[in-house]
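# Close look at the chain arrangement
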Amino acid sequence: AVTDRRYVVTMTTNQSSSAAASAPRLDGLQRHAGGCLCGAIRYEVELDLSQGGTRCNCSICTKLGAYGTNVKPAAFRLTAGQDARLIVGNSVGNRVFCAKCGIYCYGEGDLPDLGGAFVSINLNTLDGIDPYALPVMYWDGRHDNWQAGPRPTPWP
């Protein structure tokens, strides 16, 4: 356990074989649960994790540590935390944070270039998923280089 004045973190290194056997599949369209750190915001989303997600090197995404994927609004359902949401928006959409623990959970927007209305899931907030095990593509938002599209390696 690591302790400071604010947090106590307990780390477990032995995972039971039943926990490993019940690990979620990463292929095919499936319903996944997710939420913030304190549990005030909870959601369900249908997505295919084998498609992975994207990271952007713009200042906002870099500071958030966001790793996301977009789904249509019909594939997303907020199950708890309507009143716990802190919404920060711009002309493209809103980012939804937990007002209690500060975690960035998802975003909502509408952009014709992305096919209209969308929900952008922060894959880091899915339950029981190791985001480092998922494929990732990289956008060069830092240089407003959207026309180049995503690529499999980070931008310089």
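Here the structure is shown first, and the text comes after it.
All residue numbers refer to position in the chain's written sequence, counted from 1. Where local features are concerned, this predicted model is filtered to residues with pLDDT of at least 70; where side-chain atom pairs are given and counted, the filter is 80 or more; whole-chain, interface and lining totals use all residues. Hydrogens and water are ignored here; the side-chain numbers use all heavy atoms of the structure.

### Observations regarding the side chain of Ser120
Segments assigned H or I by DSSP are reported as helices when at least four residues long, segments assigned E as strands when at least two residues long, and all are numbered from the N terminus. With respect to the helices, strands and loops of the structure, Ser120 is situated in strand 11 (residues 116-122). The exposure class assigned to Ser120 is buried, which follows from its relative accessible area of 15%. In this analysis, two residues are considered to be in contact whenever any of their non-hydrogen atoms come within 4.5 Å of each other. Ignoring sequence-local partners within four residues, the contact set of Ser120 consists of Thr69, Asn70, Tyr104, Tyr106 and Gly107. Buried means the residue's accessible area, taken with a 1.4 Å probe over protein chains only, is under 20% of the maximum for its type, while exposed means over 50%, and partly exposed covers the values in between.

### A short note on the pattern of salt bridges
A pairing counts as a salt bridge when a side-chain nitrogen of Lys or Arg comes within 4 Å of a carboxyl oxygen of Asp or Glu. Scanning all chains against the criterion turns up five salt bridges. The partner of Glu46 in a salt bridge is Arg31, with the nearest N and O atoms 2.6 Å apart. Remark: Arg31 occurs in strand 3 (residues 29-35) and Glu46 occurs in strand 4 (residues 42-48); sequence separation between them is 15 residues. When its relative accessible area of 49% is taken as the criterion, Arg31 is described as partly exposed. The salt bridge involving Arg42 is made with Asp127; its shortest N-O contact spans 2.4 Å. Placement of Arg42 in strand 4 and of Asp127 in the loop between strand 11 and strand 12 (136-139) is noted, with a sequence separation of 85 residues between them. Overall, Arg42 belongs to the partly exposed group, its relative accessible area being 22%.

### A closer look at the pairing of strand 9 (residues 93-98)
Summarising the sheet, strand 8 (residues 85-89) and strand 9 pair through five bridges and their orientation is antiparallel. Bridge pairing in strand 9 links Ile87 to Val96. The loop that links strand 8 with its antiparallel partner strand 9 comprises three residues. Here, strands pair whenever DSSP counts at least two bridges between them. In the sheet, strand 9 pairs with strand 10 (residues 104-111) via five bridges, with the strands oriented antiparallel. The residue of strand 10 that forms the bridge with Val96 is Tyr106. In this antiparallel pair of consecutive strands, strand 9 and strand 10, the connection spans five residues, and Gly102 shows a positive phi of 85 degrees.

### Focus: the sheet that holds strand 7 (residues 76-80)
Spatially, three strands are ordered 3-4-7 in an open sheet, and the strand pairing comes out antiparallel. With one partner strand each, in any of the chains shown, strand 3 and strand 7 form the two edges of the open sheet. Across the sheet, the mean angle separating the axes of adjacent strands is 25 degrees when strand polarity is ignored. What counts as an axis is a line fitted to C-alpha atoms, over the stretch in contact for a helix, and the angles between N-to-C directions run from 0 to 180 degrees.

### Some points on the side chain of Asn122
If you trace the backbone, Asn122 turns up in strand 11. Under the relative-accessibility criterion, Asn122 is labelled buried at 5%. Apart from the residues lying within four places of it in its own chain, the contact partners of Asn122 are Tyr43, Ala66, Tyr67, Tyr104, Cys105 and Tyr106.

### As for the layout of surface pockets
The way it works is a 1 Å grid over only the protein atoms, where trapped points that fit a 1.4 Å probe form a cavity and open points with protein on both sides within 12 Å along at least five of seven lines form a pocket, and then any residue with an atom within 4 Å of a point lines it. Grid points are joined across faces, edges and corners, and a volume is the space filled by probe spheres set on the points. Counted as a void, the largest pocket has a volume near 970 Å³. Every residue lining the largest pocket is counted, 34 residues in all, and those nearest its centre are Cys61, Asn70, Arg95, Leu114 and Trp146. Of all the secondary-structure elements, those providing two or more residues to the lining of the largest pocket are strand 5 (53-56), helix 2 (59-64), strand 6 (68-71), strand 9, strand 10, strand 11 and strand 12. Amino acids outside the nonpolar list (Ala, Val, Leu, Ile, Met, Phe, Trp, Tyr, Cys, Pro) and the charged list (Asp, Glu, Lys, Arg) are all regarded as polar, and Gly is one of them. Taken together, the residues of the lining of the largest pocket break down into 17 nonpolar, 13 polar and four charged.

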